[in-house]
Amino acid sequence: MFLRIPTFLLIFLPIFAFGQTGSVKGVITDITEQPVPGSLVVLSPSFKTVCDDDGNYAFADVPYGTYSLQVIAFDFDTLVKEVVVNRPEVIVDITLGEEKASTELEEIKVIANAATGRRTPIAITKIPATKITEELASRDLPMLLNATPGVYATQTGGGDGDSRITVRGFDQRNVGVLIDGVPVNDMENGWVYWSNWFGLDAITSNIQIQRGLGATKLAMPSVGGTLNIITSGINSRKGISFRQEYGTGNFIRSTLSYNSGMLKNGWGVTASGSYKQGDGWVDGTNTQGVFYYLKVQKKFEKHLLSLSGFGAPQQHGQRSFNQKIQYWDSEIARENGATIDSNLIMDRGIRFNQHWGYITRNGKQEIMNERLNYYHKPQITLKDFWTVNKKLSISNIAYLSIGRGGGTRLSNSSGILFNEEGTIDWDAIVHANQVDQLFGGPAVDPQYHPTELKSTQVLVSSVNNHFWAGYLGQFQYEYSKDLQFSGGIDYRYYKGTHYQEIRDLLGGDYYVNGADQNNASPVRREGDKISLNTYNNHRDGLVQWGGAFGQVEYSTTRWTTFINVSGVSNSYKGIDYFQKKVLEVGDTTLRIGANDTVYYNGQMYTAQSEGLEYNHTDWKTLFGGTIKAGASFTIDEHSTVYMNLGYLSRTPQFSNVIDNNTNTFFREILNEKIVAAEAGWNFATNRFGVNLNAYFTNWQNKPFPFGVSVPDPQDPTSSVYVNINGMDAVHMGAEVDIAYQLNKKWSAEFMFSYGDWTWNSAETIFIPDLNYSFDFDATGVHVGDAAQTMLNAGVRWEPLKHLYFKAQYQFFDRYYANFSPFALQGANAGREAWKLPSYGLVNFFAGYRFKIGKVDTYVNGSITNLLNSVYMSDATDNFYAPQNFDATSASVMFGQGFRFNLAAGIQF
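Residues numbered from 1 in each chain as written. Predicted model: local features only at pLDDT ≥ 70, side-chain atom pairs only at ≥ 80, totals over all residues. Heavy atoms only, no water.

## Some words on the nonpolar core
The line we're drawing: To qualify as a nonpolar core, a set must consist of buried Ala, Val, Leu, Ile, Met, Phe, Trp, Tyr and Cys residues joined through side-chain atoms within 4.5 Å. Only protein chains enter the accessibility calculation, which uses a 1.4 Å probe; a residue whose area is less than 20% of its type maximum is buried, one above 50% is exposed, and one in between is partly exposed. Only heavy atoms enter the contact rule, under which two residues are in contact if any of them lie within 4.5 Å.
Counting 54 residues, the largest nonpolar core has Ile 325, Trp 759, Trp 834 and Val 892 as the members making the most contacts within it. Ignoring sequence-local partners within four residues, the contact set of Val 892 consists of Asn 322, Gln 323, Ile 325, Trp 328, Trp 834, Met 872, Asp 874 and Ala 875. Judged by nonpolar contacts, the second largest core, of 29 residues, contains Leu 136, Ala 153, Phe 198 and Ile 203.

## Side note on the pattern of salt bridges
Rules: By convention in these notes, a salt bridge is any Lys or Arg side-chain nitrogen within 4 Å of a carboxyl oxygen on Asp or Glu. Helix and strand definitions here come from DSSP, where helices need a minimum of 4 consecutive H or I residues and strands a minimum of 2 consecutive E residues; each element is numbered from the N-terminal end.
Counting across every chain of the model gives 28 salt bridges. Glu 749 is the partner of Lys 131 in a salt bridge, and the nearest nitrogen-oxygen pair spans 4.0 Å. Placement of Lys 131 in helix 4 (residues 129-135) and of Glu 749 in strand 52 (residues 746-759) is noted, with a sequence separation of 618 residues between them. What makes Lys 131 buried here is its relative accessible area of 16%. The class of Glu 749 is partly exposed, set by a relative accessible area of 25%. Note that Asp 160 and Lys 276 form a salt bridge whose closest N and O atoms lie 2.5 Å from each other. You can see Asp 160 sitting in the loop between strand 10 (151-154) and strand 11 (164-167) and its partner Lys 276 sitting in strand 19 (residues 267-278), a full 116 residues away along the chain. Taken together, the shared-partner salt bridges in this structure form one network comprising Lys 131, Glu 135, Glu 749 and Lys 806.

## Here we look at the side chain of Lys 377
Just so we agree on the cut-off: Under this rule, positive means Lys or Arg and negative means Asp or Glu; His and the chain ends count for nothing. Polar contact is defined as a pair of N or O atoms within 3.5 Å, subject to the rule that within protein one atom must be able to donate a hydrogen and the other to accept it, and that residues adjacent in sequence are counted only when both atoms are side-chain atoms.
As for its placement among the helices and strands, Lys 377 is situated in the loop between strand 26 (372-376) and strand 27 (379-387). Comment: no salt bridge for buried Lys 377; closest opposite-charge side chain is Asp 186, at 7.0 Å. A polar atom in the side chain of Lys 377 sits 3.2 Å from the side chain of Ser 401. Looking at Lys 377, its side chain comes within polar contact range of the side chain of His 466, at 3.0 Å. Beyond its immediate chain neighbours, meaning those up to four positions away, Lys 377 contacts Asn 196, Trp 197, Phe 310, Gly 311, Ser 401, Ile 402, Gly 403, His 466 and Trp 468.

## Concerning the packing of aromatic side chains
A ring pair, where both rings are aromatic, is described by two values, the distance of the centres and the angle of the planes. Applied cut-off: By convention, a stacked pair of Phe, Tyr or Trp rings (six-membered ring in the case of Trp) has centres within 6.5 Å and planes under 30 degrees apart, an edge-to-face pair has planes over 60 apart, and any other such pair is tilted.
For the structure shown, the criterion picks out 33 aromatic pairs. Taking the centre distance of 6.2 Å and the plane angle of 85° together, the rings of Tyr 479 and Phe 485 count as edge-to-face. Classification of Tyr 479 by relative accessible area gives exposed; the value is 51%. The rings of Tyr 152, Phe 812, Tyr 815, Tyr 839 and Tyr 871 are connected pair by pair, giving a single aromatic cluster.

## Remarks on helix 8 (residues 426-434)
Side chains three or four residues apart in an α-helix point the same way, a direct result of the helix having 3.6 residues per turn. Filter applied, for reference: Comment: arc refers to directions from the helix axis out to C-beta atoms.
Those residues of helix 8 not exposed but buried are Trp 426, Ile 429, Val 430 and Asn 433. Looking straight down helix 8, one finds its buried side chains confined to an arc of 100°; they lie on one side.

## Quick look at a nonpolar patch on the surface
The line we're drawing: Every patch collects residues that have over 30% relative accessible area and no salt bridge, joining them within 9 Å if they carry like charges and within 5 Å if they are nonpolar side chains (Val, Leu, Ile, Met, Phe, Trp, Tyr). Only the protein chains shown count as cover for residues, with accessible areas throughout obtained via the Shrake-Rupley method and a probe of 1.4 Å.
Nonpolar side chains collect at one region of the surface, where Phe 475, Tyr 479, Phe 485, Val 552, Ile 563, Val 565, Ile 627, Tyr 647 and Val 675 lie side by side and expose about 730 Å² of accessible area between them. Among the secondary structure elements, Tyr 647 is positioned in strand 44 (residues 639-650). Overall, Tyr 647 belongs to the partly exposed group, its relative accessible area being 34%.

## Here we look at the pairing of strand 50 (residues 715-722)
For clarity, the threshold we go by: Whether two strands pair depends on DSSP finding at least two bridges between them.
Bridge analysis of strand 49 (residues 708-712) against strand 50 gives five bridges, and the strand direction is antiparallel. Counterpart to Ser 709 in the pairing with strand 50 is Tyr 721. As consecutive antiparallel partners, strand 49 and strand 50 are separated by two residues.

## Some points on unusual backbone geometry
The linkage connecting Ala 881 with the following residue, Pro 882, adopts the cis geometry, with an omega of -10°. Residue placement: Pro 882 occurs in the loop between strand 59 (872-876) and strand 60 (891-894). Located in the positive-phi region is Ser 138, a residue other than glycine, with phi close to 60°. Checked against the element boundaries, Ser 138 lands in the loop between helix 4 and helix 5 (141-144).

## Digging into the pairing of strand 21 (residues 303-311)
Strand direction decides the pairing type here: strand 20 (residues 287-299) and strand 21, joined by eight bridges, are antiparallel. Of the residues in strand 21, the one forming a bridge with Val 296 is Leu 307. Connecting the antiparallel pair strand 20 and strand 21 is a turn made up of three residues. Bridge count for strand 21 against strand 27 is eight bridges, and the pairing is antiparallel. Of the residues in strand 27, the one forming a bridge with Leu 307 is Leu 382.

## Examining the sheet that holds strand 25 (residues 364-369)
The following threshold applies: Only the stretch in contact is used when fitting a helix axis, every axis being a line fitted to C-alpha atoms; angles between N-to-C directions are given from 0 to 180 degrees.
Across the sheet, three strands lie side by side as 25-24-29; this open sheet has mixed pairing. Edge positions in the open sheet fall to strand 25 and strand 29 (424-425), since each of these has one partner strand only. Sheet topology places strand 24 (residues 356-361) next to strand 29; two bridges connect them, and they run parallel. Across the sheet, Tyr 358 pairs through a bridge with Asp 425, a residue of strand 29. Against the sheet, helix 8 contacts strand 24, strand 25 and strand 29, and its axis sits at roughly 55° relative to strand 24.

## Some remarks on the confidence of the model for the protein
Rule in force here: Each residue gets a pLDDT score, which is the predictor's confidence in that residue and runs from 0 to 100.
Counting all residues, the mean pLDDT for the protein is 87, and 88% of those residues have values of 70 or more. A low-confidence stretch, residues 1-18 (pLDDT under 50), is modelled with seven contacts involving residues beyond four sequence positions or located in other chains. The model gives residues 99-114 a pLDDT under 50, and that stretch makes 54 contacts with residues more than four places away or in other chains.

If you want it as structure tokens, here you go:
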């Protein structure tokens, strides 16, 4: 027999429950971590209060029980959250626009695979929008991540958007990058081109960095970690914002953004636009670009439909080459033990760039870059997030990206004319194209044209266009309060088109390329395709990717566990259009390329008209998969321990399947094998938090992009490229990050990571069809190209309300120069690469936020490398002879010096 309780008594159960009471308090902030004063907070049915100027609220003497907490604030949608009072003090901090109860965040959790809460059994760092606003300082997004454990980022040559990032010693080819759940790593070589994503910071809600295999559900081929960039939507703060920036190198950027919030009819719009231009910190790295973003959302009863599009057409000058240390500064070379060669260039200065100069056009001098990157990669995404019922949600994403652009260089690198300062003398090159250097008359060649000028040096553009379409379908099913299932499919189609074309004839009328001499029509004009070398032939790379995953997650009061299984099918195909086909016309042999038009005896011949098929491979399909599992255990209300492990059979990237030089498959294509394990401990109170973890990753069959060069048995003076299997590496280390809020005015942060990343192979390699063999021994030799010891410490002081000053110190050590372990042969077996000097950087940030009427106004400023420290940030070992694994043979790039950025903005 069951005892029936009158319904009206249930209302009073929270009051009667054991007669115990507690307090409920917290802070109401927006997604920029700014307080939302004046918010009305209601704890139904009996408690109500208004937040103070710092966003604080508190309720005392609340009987134990379950309550509904409502937050009502101007410019935000009303938020409702369930709160359980079962202890003396319950802390409920609310971020308006991003709370778990909102439909949009539930969409993000499913689509972008965002990890939430400290119980997630992975190493994760979350970077909120406020940190991006205060500390990015118009740098590339990766530079902000240097304060994250295990992350090393540099600006490489110093061009705007040319930065790179490594995570736990794995370069960004092996770090999965997603924007709102859509993967953006290049599908041929895995690289990430950050210049394509300029302006994203204006609409970024937060950035999550999951280190290791992580909890990402997609069948991502990431080894070092996953970086999720999550953009804002209609649940973010309503209104208009404008931001104006000015910085080093006459850098100017203006950004205008608008968010309608969710309107009464369920529609919402988020839009942003930005313009930038500047001269760059490095000489000749001028930049110009536009960013646009539009997201239109419609909330139905059970659906959230979203259509978004963004892009960033830009162009920027580059500095492409590492150089000997003495090239930049001979005194620093001597300090590092390098031998000075007085016959070589020295003391150009660390801001010097040889890839630019001035050219006279229409009687005026203007800057002209030899190395100019230009690109536009718009991306359009259509999402439908469907809340089927309280247990089941389904998401569908279709996306499309069409990239157009490339990079420029001169056709004859050995024939570039420089002035006394070492920059390009463009006027001299134009003169050489127009005047015969032997006889002084016009530079004509009657063999090709009796009067037109024949250029001997032209500016060539290496074009890299792509077409990329994909679909992501996922579901999440809450079987019970403790048990959840999820799964999905992932399909991607990619076509990359690569060729070279003449961009500027530099005063001449046409150009004859040596590679085209056997063609019946070798004359090339602006816009015509040419081939300066084998690699830059006109070719297509095609990739089809299919993946599926399933995950089970079990969570109780103290335990959270998950297991994830995924499988992939990766297909590759290459097409080469530039190889000449032979066509016999009578007694004459014509050689015709796919894009050639050949005239002979008044007749036009093309590949299409003659039905010539060009070199293409068949489709090759490889299969891979992942299994990951993890568990966390909540020791008490402050601390959690976790562990995860995984195995990844990773299909190689296109650049390790098809040799771009010959458009043929590499020999012995094998999957990479990765085994990873990690354990950690998290501790957090209201004012103090610490995360400590240790990791181990064993990577077998680690490939080298585009293969390894070995002597050609048919021609010992040249090389061929092969895949070499059996190269293994072990990456292990420990990481700790700490945050401490001393009081309302003072706070501090600290991060330290120590890696021990080494190669783990010694093999005898024999390539039968080349009849070539060699021995190498890289066992125990440290992996290069990233600092293995990193430290970050910061102190923030707020002497007045909304006024802050922050000092930050970053330290990097044990950076071994990048090198090929296959070079460790004979007497060089087991030799360490040259280790760069350690370096430290001091950064400073300050800002003030205030109101003018109802308009939120802020100003902030930043200085990176405050002390103007001189340091080497990138290096390649044994680039120059003699190859002695030292500073003399290394090529390096110096990091950027003192830089400032000032910004002012309004929000209303």
